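Architecture at a glance
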Amino acid sequence: MFISFFPRPRLFFLSSVLWVALCVALWSLGGREWGALIGLAPLAHGQARIIGVAVFWSQSFLWFYLYYWAVVGIFAGAWRLVAPHPWARWSIWGSALIAFITYLQVQVSVAINGWYGPFYDLVQAALGHVGHVTLAQFYLQLLTFSEIALVAVSAGVLTLFFASHYVFRWRTAMNDYYMGHWSILRLVEGASQRVQEDTMRFSTTVEDLGVSLINSVMTLIAFLPVLLTLSAKVTTLPLVGLVPHALVVVALFWSVCGTAFLALIGVRLPGLQFRNQRVEAAYRKELVYGEDDPDRAQPPAVRELFANVRKNYFRVYFNYTYFNVGRILYLQVDNIFPYIVLAPTIVAGVITLGVLQQILNAFDQVRSSFQYLVNSWITIVELLSIYKRLRTFESEISGDALPAIEANA
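Residues numbered from 1 in each chain as written. Predicted model: local features only at pLDDT ≥ 70, side-chain atom pairs only at ≥ 80, totals over all residues. Heavy atoms only, no water.

An unreviewed UniProt entry annotates the protein chain as Peptide antibiotic transporter SbmA originating from Lichenicola cladoniae. Regarding the protein chain, the UniProt comment filed under Subcellular location (unreviewed entry) reads as follows: "Cell membrane". (UniProt positions renumbered as here; feature names shortened; annotations may be inferred.)

In structure tokens, the structure reads:
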């Protein structure tokens, strides 16, 4: 699954994590200031933040772009020397490009959150007649949002276009790798389906989950400082009272509880999905044989195979029922949870509408990032079932024992 696309996967992913940690540490410990050496200095302390699309070509952003691609180039060059790989341009440079575009999308959210403050304060002033607001001022704020949204649209379209090609290249690499061992793999149950369908589903799902994970991590990095700053305006929580950094503490507590709860009630789903694919493959295989052999796909055999399909589907439906009850209930409560937390602050009237919108958006971004497993659990279940099927191929090629679920199913 990975060796076909990435050079020496275990060492590659370990080195990736260590290299990212080192580069982030260098950036945090002074790297962001190095841009001043080439005329790309960050904002001075106390200098007003840039509101609008101009932030994306500000000096600090341009320096980050140079820093990012420089460290990617060093990493890719090192692996080119250590372990050349035919798909390295896509697996290394392609992954880096997807991560970079994801970073841009997160920064769009940060820019929009910064826009919320002046815009909603302007709305509050207009509705309350506490200040003279002209149509020109109002439309100018909407124009500012439109400019930021244009960056979001461009980044989103580029991500979808490039990710589609990235996924198909990964599928191509897996297809070539498995077909190179087809004489061994052809004897595995449902081999054709695993090569033709599971490789595409695996690469697509891993890419989706990977982008979501990167997005969640980057969102946390971008919005936690914002939420920490806004927490100064929210110090009192219902039933608890005064809490330092209240918004961050509550977002973390609520997300961890939700993740643990859904993981507990959904623990059986991966195995059920895997078995569902097995019985479907067995049923489909018999029908395919019946197309060429009149002695195959006879009614008794078909009825028995379809009965297995029916039994497993009903078992899946039952387990998803209580899982969905818990998931939907949690997400519905999640919709009003920020207002419950902010109730004392709102009632006391200590914040403006603009600040309220900034808090709600930043809180939602941080909370959603902490809820990565909650939002992705169904997809993770599907990925685990696909992984179990493709893992059988790896076992056949390497001569290892079959996974327990494959041997016992």
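Right, picking up where we left off after that structure.
A cluster of basic residues, R268, R275, K311 and R315, forms a positive patch on the protein surface. Within the element layout of this structure, K311 appears in helix α9 (residues 299-348). (Patch = residues over 30% accessible without salt bridge, like charges linked within 9 Å, V, L, I, M, F, W, Y side chains within 5 Å. Areas by Shrake-Rupley, 256 points an atom, 1.4 Å probe, with all protein chains shown as cover. Salt bridge = Lys/Arg side-chain N within 4 Å of Asp/Glu carboxyl O. Lys, Arg positive; Asp, Glu negative; His and termini not counted. Charge placed at Lys NZ, Arg CZ, Asp CG, Glu CD. Helix = DSSP H or I, 4+ residues; strand = E, 2+ residues; numbered from the N terminus.)

Glancing now at a negative patch on the surface. There is a patch of like negative charges on the surface, built from E291, D292, D293 and D295. Among the secondary structure elements, E291 is positioned in helix α8 (residues 269-292). Its relative accessible area of 64% is what places E291 among the exposed residues. (Buried < 20%, exposed > 50% of the residue type's maximum accessible area, 1.4 Å probe, protein only.)

Moving on to the UniProt feature "transmembrane region" (unreviewed entry) in the protein chain. In the numbering used here, UniProt assigns the feature "transmembrane region" (unreviewed entry) to residues 12-29, 63-83, 90-112, 148-168, 209-230, 242-267 and 336-357. The distance separating the terminal C-alpha atoms of residues 63-83 is 30 Å; by composition the span is 95% helix and 0% strand. Secondary structure content for residues 336-357 is 82% helix and 0% strand, and the end C-alpha separation is 14 Å.

This part is about the packing of aromatic side chains. Within this structure, the stated rule accounts for 39 aromatic pairs. Aromatic side chains F5 and W87 sit 6.1 Å apart centroid to centroid with 40° between the ring planes, which places their arrangement in the tilted category. On the criterion of sequence distance, the pair formed by F5 in the segment before α1 (9-28) and W87 in the loop between α2 (59-82) and α3 (88-128) is long-range, its members being 82 residues apart. Here the aromatic rings of F5 and W170 are separated by 5.4 Å at their centres, their planes lie at 10°, and the arrangement is stacked. Within this pair, whereas F5 is found in the segment before α1, its partner W170 is found in helix α4 (residues 135-179), the two being separated by 165 residues in sequence. Within the aromatic cluster, the residues linked to one another by ring pairs are W27, F56, F61, W63, F64, Y65, Y67, Y68, W69, W93, F100 and Y103. (Phe/Tyr/Trp six-rings, centres within 6.5 Å; stacked < 30°, edge-to-face > 60°.)

Before going further, it helps to spend a moment on the nonpolar core. Of all hydrophobic cores here, the largest spans 57 residues; its most connected members are F56, Y65, L247 and I359. Taken together, the elements giving at least two residues each to this core come down to α1, α2, α3, α6 (191-230), α7 (246-265), α9 and α10 (353-370). Other than its neighbours up to four places away in sequence, Y65 contacts F56, F100, Y103 and L104. Counting 28 residues, the second largest nonpolar core, distinct from the first, contains W87, A173, V206 and L390. (Core = buried A, V, L, I, M, F, W, Y, C linked by side-chain atoms within 4.5 Å. Contact = heavy atoms within 4.5 Å.)

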